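Chain by chain, the residues:
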Amino acid sequence: AILEYPNYAFAIGGLGRLEALKKNYPEAIKLYKKAGTIIPEFSFQEALAEVYQETGKKEEAAVATKKLIEMLEEDADAGHYVDLEMANIYIQLKKDYDKALEYAENEFDKRPENIDVNKTLAHIYYKKNDLDKAKEHIKTATRTNKQEASMLCLAGLIFVFSSALSCKYLQ
């Protein structure tokens, strides 16, 4: 894609992800910033904040996270639903599970059967050590047997720590 379209932001962001996986963080940062200057896409800003956190650059991570939240708030002001994205930012980047829960509950009110919404709620309740509510939401999230590693891991953690692991449940 880069050979055909040298300024294709999503290809540049993809290269950034590869560099981050290789722990070549300076190059990842450079690529995420470049992609973000081409298109103000929140995923580039989110990835940048994650790399800053991973490398212990707390001030840069805080600035990138603040900018990310501002971008999503602008989207919300324009009429887009961003509650699920905001919930995940407050889980992953800010570790503020109460604020994450506010956003996730807003999204749940709109889409109570949605797999991703229920996975996010399960994650929040797991982090808040409310395993009964976490189990309730992970059951809804896994009802289609979606084979997503992070969801299966979360389900396993919830059921192991609540001493209610059931092999039938995940089949």
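Here, the structure is the one placed above.
Residues numbered from 1 in each chain as written. Predicted model: local features only at pLDDT ≥ 70, side-chain atom pairs only at ≥ 80, totals over all residues. Heavy atoms only, no water.

Student: Residue-level account of the overall build of the chain, with values.
Tutor: Along the chain, the regular secondary structure elements total 9 helices and 0 strands. Ordered by position from N to C terminus, the α and β elements of the chain give α-α-α-α-α-α-α-α-α. Here the C-alpha coordinates of the chain stretch approximately 50 × 35 × 30 Å along the principal axes. For the chain, restricting intrachain contacts to residue pairs at least 6 apart in sequence, the fraction spanning at least 24 positions comes to 45%. Surface exposure of the chain reaches about 10,200 Å², of which carbon and sulfur atoms provide 52%. Charged side chains of the chain number 24 positive and 28 negative; the gap between the two group centres comes to 6 Å. (Helix = DSSP H or I, 4+ residues; strand = E, 2+ residues; numbered from the N terminus. Contact = heavy atoms within 4.5 Å. Areas by Shrake-Rupley, 256 points an atom, 1.4 Å probe, with all protein chains shown as cover. Lys, Arg positive; Asp, Glu negative; His and termini not counted. Charge placed at Lys NZ, Arg CZ, Asp CG, Glu CD.)

Student: I'd like a rundown of helix 9 (residues 149-161), residues and numbers included.
Tutor: Relative to the 18 Å expected for 13 residues at 1.5 Å per residue, helix 9 spans 18 Å between its end C-alpha atoms, a close match to the ideal helical length. Regarding helix 9, the residues found buried are Met-151, Leu-154, Ala-155, Ile-158 and Phe-159. One face of helix 9 carries all of its buried residues, which in axial projection span an arc of 125°. With respect to the buried face of helix 9, the exposed residues turned more than 90 degrees away are Ala-149 and Phe-161. Of the surrounding elements, those touching the buried residues of helix 9 are helix 7 (115-127) and helix 8 (131-141). (Expected span 1.5 Å × (residues − 1). Buried < 20%, exposed > 50% of the residue type's maximum accessible area, 1.4 Å probe, protein only. Arc of directions from axis to C-beta.)

Student: With reference to specific residues and values, describe the nonpolar core.
Tutor: The biggest cluster of nonpolar side chains holds 42 residues, and the ones touching the most others in it are Tyr-32, Val-51, Met-86, Ile-124 and Ile-138. Going through the elements one at a time, helix 2 (25-38), helix 3 (42-54), helix 4 (58-77), helix 5 (83-92), helix 6 (97-110), helix 7, helix 8 and helix 9 are the ones with two or more residues in this core. One finds Ala-9, Ile-12, Leu-31 and Ala-35 within the second-largest nonpolar core, a separate group that totals 5 residues. (Core = buried A, V, L, I, M, F, W, Y, C linked by side-chain atoms within 4.5 Å.)

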